[in-house]
Each structure stands twice: as structure tokens, then as C-alpha cells.
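Take a look at the letters that make up each chain.
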Amino acid sequence: MIVYGTGYSPYVRKVLVSLAEKGVAYEHRPVMFHAPDADFQAASPLGKIPALEDEGFRLADSSAIFWYLERKHPTPALVPADARGLGRAVWFDKFGDTELFAKLIVPFVERVLKPNMMKTPTDEAAVTRALDKDLPPLFDYLEGEISGPYLVGEAFSIADIAIATGFYNFHLAKARIDADRWPKLAAYVDATLARPSFKAAMDAKKG
Ligand SMILES: N[C@@H](CCC(=O)N[C@@H](CS)C(=O)NCC(=O)O)C(=O)O
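In this numbering scheme, every chain counts its residues from 1 along its sequence in written order. Where local features are concerned, this predicted model is filtered to residues with pLDDT of at least 70; where side-chain atom pairs are given and counted, the filter is 80 or more; whole-chain, interface and lining totals use all residues. Think of the side-chain values as coming from all heavy atoms in the structure, minus any hydrogens and water.

As annotated in an unreviewed UniProt entry, the protein chain carries the name Glutathione S-transferase and is attributed to Methylobacterium oryzae.

Focus on the side chain of Ser-18
Counting from the N terminus, the helices are the DSSP runs of H or I reaching at least four residues and the strands are the DSSP runs of E reaching at least two. Locating Ser-18 in the fold gives a position in helix 1 (residues 10–22). Here the term buried applies to any residue with accessible area under 20% of the maximum for its type, exposed to any over 50%, and partly exposed to those in between, with areas from a 1.4 Å probe on protein chains only. By relative accessible area, which is 1% here, Ser-18 ends up buried. Between two residues, a contact is recorded if the distance between any of their heavy atoms is within 4.5 Å. In contact with Ser-18, not counting residues within four places along its chain, are Phe-66, Leu-78 and Ile-161.

Comments concerning the pattern of salt bridges
Just to be clear on terms, a salt bridge is a Lys or Arg side-chain nitrogen sitting within 4 Å of an Asp or Glu carboxyl oxygen. Following the criterion strictly, the structure yields 11 salt bridges and no others. Arg-29 is paired through a salt bridge with Asp-39; the nearest N and O atoms lie 4.0 Å apart. Here the residue Arg-29 occupies a position in strand 2 (residues 27–29), and Asp-39 occupies one in helix 2 (residues 38–43), the gap between them amounting to 10 residues. The partly exposed category is assigned to Arg-29, whose relative accessible area is 26%. The class of Asp-39 is partly exposed, set by a relative accessible area of 38%.

Details of the nonpolar core
Among the buried residues, those of types Ala, Val, Leu, Ile, Met, Phe, Trp, Tyr and Cys that are joined through side-chain atoms within 4.5 Å form a nonpolar core. Grouped together as the largest cluster of nonpolar side chains are 58 residues, with contacts concentrated most on Leu-100, Phe-139, Ile-163, Phe-167, Ile-177 and Leu-185. The element that contributes the greatest number of residues to this core is helix 7 (residues 158–172), accounting for eight residues. Built from parts of two domains, this core gets at least three residues from each of domain 1 (2–77) and domain 2 (83–195). Residues in contact with Ile-177, not counting those within four places in the same chain, are Phe-139, Phe-167, Phe-170, Trp-182, Leu-185, Ala-186 and Val-189. Counting residues in hydrophobic clusters, the runner-up holds five residues, among them Ile-105, Val-112, Leu-113 and Ala-173. Throughout, the edges of the domains are those of an automatic or database domain assignment.

Regarding the UniProt feature "domain: GST N-terminal" (unreviewed entry) in the protein chain
UniProt positions are given in the numbering used here, feature names are shortened, and annotations may be inferred rather than shown by experiment. Feature annotation in UniProt assigns "domain: GST N-terminal" (unreviewed entry) to the following positions: residues 1–77. Split by type, residues 1–77 is 39% helix and 18% strand. Its first and last C-alpha atoms lie 19 Å apart.

With respect to the UniProt feature "domain: GST C-terminal" (unreviewed entry) in the protein chain
UniProt feature "domain: GST C-terminal" (unreviewed entry): in the numbering of this structure it lies at residues 78–207. As a span, residues 78–207 carries 69% helix and 0% strand, and end to end its C-alpha atoms are 28 Å apart.

Right, here's the structure in full:
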């Protein structure tokens, strides 16, 4: 099984964490999005990362890949078995991939990606807007959803993977969750990123 995509990508990290939690061996090819790599392009019709190739089967999109892996390697389950838990896990996956990602990634794009990889200047005003205006309501929401070690039910799930993954990039950009204002979220993110699966995925090759 081959996973395409740089370890910098929160979406790639979702796949790497899922594989680690399930104990599935894989080869990691840390390409950037739109990389001129024929095998990667065959697996990713839009050139986005991650993409997967498994014995000739190709698939793009972190959530599609996640569900493929969940069906192929069902143990340990990374989705709750009950209807409400499943619904909430799908919701958090979607929320993490869309609304949260869009704002959480801003400090990383501005402070890491632009100056180091794109060779363009940082827009610190965009970072301030994300930290002071856009992210607080999302953090308030998550703070209200956390009542134990896991977001949904009594076990680690795709909900935790999808919500925590972008915080690694947030931290790389020297941004922090204010633990006085959002104590549950700050502790939850630290504990989730400390899992061995996340540690391995955060150490994954970046390029
Ligand atoms: N919905 C996709 C999003 C993947 C995505 O947007 N990845 C980014 C890198 S973090 C990318 O490839 N961006 C290039 C582009 O949007 O063209 C998924 O969950 O895999």
C-alpha cells in the first residue's frame, strides 16, 4: 500500500494516523500536491494530497481513503458502532476538514509555507484575523463538545483524528490554544497529539 503526500498535510496525516492505529504497513511517498509524478497523478484526479494506491486500486481524498481502510481493516474500529456516534463522527470529520481547517491552517500558510516554500511574504494581519476573530468561535464550539478523552463516545475515532490533525501545523506556526480560555480543548489536543500514532505521523517525511 502506498500513501502519497507530504507529511506537512493535515489530510495526509489523517490517513497516516489511521494506518498506524490499525497497525497496517505502508510505503509513504511524501510528494507535494500537483507533483509531476505519474503514479501520484493517476491516483489523484485533482492533484490533491493524500492519494492511495493499494495493489492497483487507486483512491484520493482523506475521508474516502479513511472509509476504505476502515472497511478493509476493521480492527480496531475508528468509527463508533451506534447510529448517533457514527453521525457525530462523520460530522466532526467534515467539520475538521472544512470550516476548522480553513482557519486553523492560516498561521501555517502565512508563517511557514509562504516564506519557506513559496518564497512570498507573510501576511501577519491574516494570522491575527484568524487567531483573534475566526478561530475563537470554533474553539468555543469545540470546548463545549469535549467531556472526556474522546470527542465521540468512549473510544478514539476518526472524529479525534480529523479535529486534532491540523493543530500540529498550528503549533509549527508557533500558534497556541489559550489554555486559560479553552482549557478542555488545549488539554484534549495535547493528549491526542501525544498518541503514538500521531507521533509517528508527525515524524513522517515532509519531502
Ligand atoms: N478533501 C480533500 C482535501 C485535500 C487537500 O485539499 N489537500 C491539500 C494539501 S493539505 C491540497 O492538495 N491542496 C492542493 C489544491 O487544493 O489544489 C481530502 O480530504 O483529502
